[in-house]
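# Secondary and tertiary structure notes
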Amino acid sequence: MVLPIVLTWIGRIGIVGRVASEETRDGVALTNLDQPLFDGAGATKRDLVDYLDQVSDRIIPVLRGRALSVLRVRPGQQPFMQKNLPKYAPEWIRSVSLWAEASHRQVTYALCDDRKTLLWFANQRAVEYHPALFAGDHFTHMVLDLDPPDGSEAFSLAVRGAFLVRRALDDAGLAGAVKTSGAKGVHVFVPVVAGIPVEDLAAATRAVAARAERLDPALATTAFIREDRAGKVFLDSTRAGGATVVAAYSPRVRPGAPVSFPVPWDDLDRVAPADFTVHTAAGLLKGADPWAELMPEPQRLPADLVEEGHTIPIARVQAMHEGKRRARARRAE
């Protein structure tokens, strides 16, 4: 009668395993916590849940009141961006319905306003959190996304580009906060006062990028078409309007599960993206909230900056027309 005993023992291990992999926090049932998060993450779903729970009081203020898109990773599937709140979502999750110009449809976005909602998303294997740049009826930040070329020196180049942006902001009488993107780049956020028209905000962003490019054109470029960048750091000024940027403290779907993390300007050239992961980032905070603490007060945009920006073509539109022109030229050849 050895076989029944062995089967009973295996069954008990299975039951214990399931119990150990499931729990409830803040009324949210958490399941399959011991599953790998994604290939190359070096982390489990439990690590994701634990990390987001530990930093919930920092990341929720960044997400609160903003239409939220998330990047989810389900077992055996490619990561996918989820904008519409699923129909099976609990009724207690707040939402907002907005017109999405890119897809020409109405989208019901979630609002991640509390710990319970954050835990629900974590249980849905939402790894990345991309909030809108507006809260309520106004845009809150000017954002520049610094995208370096591939290579072992990518992040250090992005840092050098960020310092150019900082100089351009200083010259304009503005100040911003900086964070790692969680990938190879850097994000610079400049808080602005409420009521600035989005066209003016976008124009000022283009002007800052152009001024930073002029400071060191051998390092930085505003060329939207990748093949025109010639190995330089791309100063992306298109993060305005309906665009999103990954939130401070958000994990990323990258090897090692890094986190987009705030860094003081003086420390930016002394860190690396791999310093901040779902395993390490929460412990580095030591009770602080650097994104809130390092963020300047909202600022008015200088009139000359806005005026200059309105003379600069919108990068995406310019790139679209240039792409069509090049395609016609290739066909003619």
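Residues numbered from 1 in each chain as written. Predicted model: local features only at pLDDT ≥ 70, side-chain atom pairs only at ≥ 80, totals over all residues. Heavy atoms only, no water.

### With respect to the overall build of the protein chain
- Secondary structure summary: the protein chain contains 10 helices and 15 strands in total.
- When burial is assessed residue by residue, the protein chain has 51% of its 333 residues classed as buried.
- When contacts within the protein chain are restricted to residue pairs at least 6 apart in sequence, those whose partners lie at least 24 apart make up 71%.
- Looking at the protein chain as shown, the accessible area adds up to about 16300 Å², and 55% of this sits on carbon and sulfur atoms. (Helix = DSSP H or I, 4+ residues; strand = E, 2+ residues; numbered from the N terminus. Buried < 20%, exposed > 50% of the residue type's maximum accessible area, 1.4 Å probe, protein only. Contact = heavy atoms within 4.5 Å. Areas by Shrake-Rupley, 256 points an atom, 1.4 Å probe, with all protein chains shown as cover.)

### Side note on the pattern of salt bridges
- This model, assessed by the stated rule, comprises 20 salt bridges.
- Between Arg115 and Asp26 there is a salt bridge, and its shortest N-O distance comes to 3.8 Å. Taken together, the residues Arg115 in helix α4 (residues 115-123) and Asp26 in the loop between β1 (23-25) and β2 (28-30) connect sequence positions 89 residues apart.
- One salt bridge connects Asp304 with Arg211, and the closest N-O pair in it is separated by 3.3 Å. Remark: Arg211 occurs in helix α6 (residues 198-215) and Asp304 occurs in helix α9 (residues 303-310); sequence separation between them is 93 residues.
- Judged by relative accessible area, which is 19%, Arg211 ranks as buried.
- When salt bridges with common partners are traced through the structure, they connect Glu23, Arg25, Asp26, Asp34, Arg46, Asp50, Asp53 and Arg115 into a single cluster. (Salt bridge = Lys/Arg side-chain N within 4 Å of Asp/Glu carboxyl O.)

### As for the sheet that holds strand β15 (residues 262-263)
- Across the sheet, six strands lie side by side as β13-β14-β10-β12-β11-β15; this open sheet has mixed pairing. Every other strand in the sheet has two partners, leaving β13 (220-221) and β15 as the edge strands with one partner each.
- Sitting on the sheet, helix α5 (residues 154-171) touches β10 (141-147), β11 (177-180), β12 (186-191), β13 and β14 (233-236), and the angle it makes with β12 is about 20 degrees. (Pairing = 2+ DSSP bridges. Axes fitted to C-alpha atoms, helices over the stretch in contact; angles between N-to-C directions.)

### As for helix α2 (residues 45-54)
- Within α2, the full set of buried residues consists of Lys45, Leu48, Val49, Tyr51, Leu52 and Asp53.
- Residues of α2 that are buried sit in contact with β1, β2, α3 (56-63), α4, β7 (126-131) and α7 (281-285).

### Overview of the packing of aromatic side chains
- Counted by the stated rule, this structure contains nine aromatic pairs.
- Here the aromatic rings of Phe189 and Trp291 are separated by 5.3 Å at their centres, their planes lie at 80 degrees, and the arrangement is edge-to-face. One end of the pair, Phe189, is in strand β12; the other, Trp291, is in helix α8 (residues 290-294), with 102 residues separating them in the sequence. An identical accessibility class is assigned to Phe189 and Trp291; each is buried.
- Aromatic ring contacts, followed pair by pair, group Tyr88, Trp120, Phe121 and Tyr129 into a single cluster.
- Looking at Lys116, its charged tip hangs above the ring of Trp92, at a distance of 4.5 Å from the centre.
- Here the basic side chain of Arg229 rests over the ring of Phe234, its NZ or CZ set 3.8 Å away from the ring centre. (Phe/Tyr/Trp six-rings, centres within 6.5 Å; stacked < 30°, edge-to-face > 60°. Lys NZ or Arg CZ within 6 Å of the ring centre and 35° of its normal.)

### A few points about the nonpolar core
- Core analysis: the largest hydrophobic core is formed by 96 residues, its most contacted members being Tyr129 and Met142.
- Among the elements that take part in this core, α5 stands out by supplying eight residues, more than any other.
- For this core, the two domains that each supply at least three residues are domain 1 (25-131) and domain 2 (138-317). (Core = buried A, V, L, I, M, F, W, Y, C linked by side-chain atoms within 4.5 Å. Domains from an automatic or database assignment.)

### Here we look at the pairing of strand β6 (residues 105-111)
- Sheet topology note: the strand β3 (residues 67-72)/β6 ladder contains two bridges and is antiparallel. Directly across from Ala67, in β6, lies its bridge partner Leu111.

### Considerations on the packing of α6 against α9
- In the contact formed by α6 and α9, the axes pass within 7 Å of each other and the chain directions differ by 85 degrees. Here α9 runs roughly perpendicular to α6, going by the angle between their axes. Residues Glu199, Asp200, Ala203, Ala204, Arg206, Ala207, Val208, Arg211 and Arg214 of α6 form the contact with α9, whose participating residues are Asp304, Leu305, Val306, Glu308, Gly309 and His310.
- Within the contact of α6 with α9, the residues separate by chemical class into six nonpolar, two polar and seven charged. (Parallel < 35°, antiparallel > 145°, perpendicular 65-115°, else oblique. Nonpolar A, V, L, I, M, F, W, Y, C, P; charged D, E, K, R; others polar.)

### Quick notes on unusual backbone geometry
- Phi is positive for Asp26, close to 50 degrees, though the residue is something other than glycine.
- Owing to a relative accessible area of 39%, Asp26 belongs among the partly exposed residues under this scheme.
- With a phi close to 55 degrees, Ala230 is a non-glycine residue in the positive phi region.

### Quick notes on the confidence of the model for the protein chain
- Chain-level statistics for the protein chain give a pLDDT mean of 90 and a share of 88% at 70 or above.
- Here residues 1-19 is a poorly scored stretch, pLDDT under 50, and it has zero contacts once near neighbours within four places are set aside; other chains count. (pLDDT = per-residue confidence, 0-100.)

### Observations regarding the pairing of β14
- Alternating positions in β14 separate into two faces, Val233 and Leu235 on one and Phe234 and Asp236 on the other, with burial throughout.
- Note that β10 and β14 share three bridges and pair antiparallel. For Asp147, the partnering residue across the bridge sits in β14 and is Phe234.
- By the bridge criterion, two bridges tie β13 to β14 in an arrangement that is parallel.

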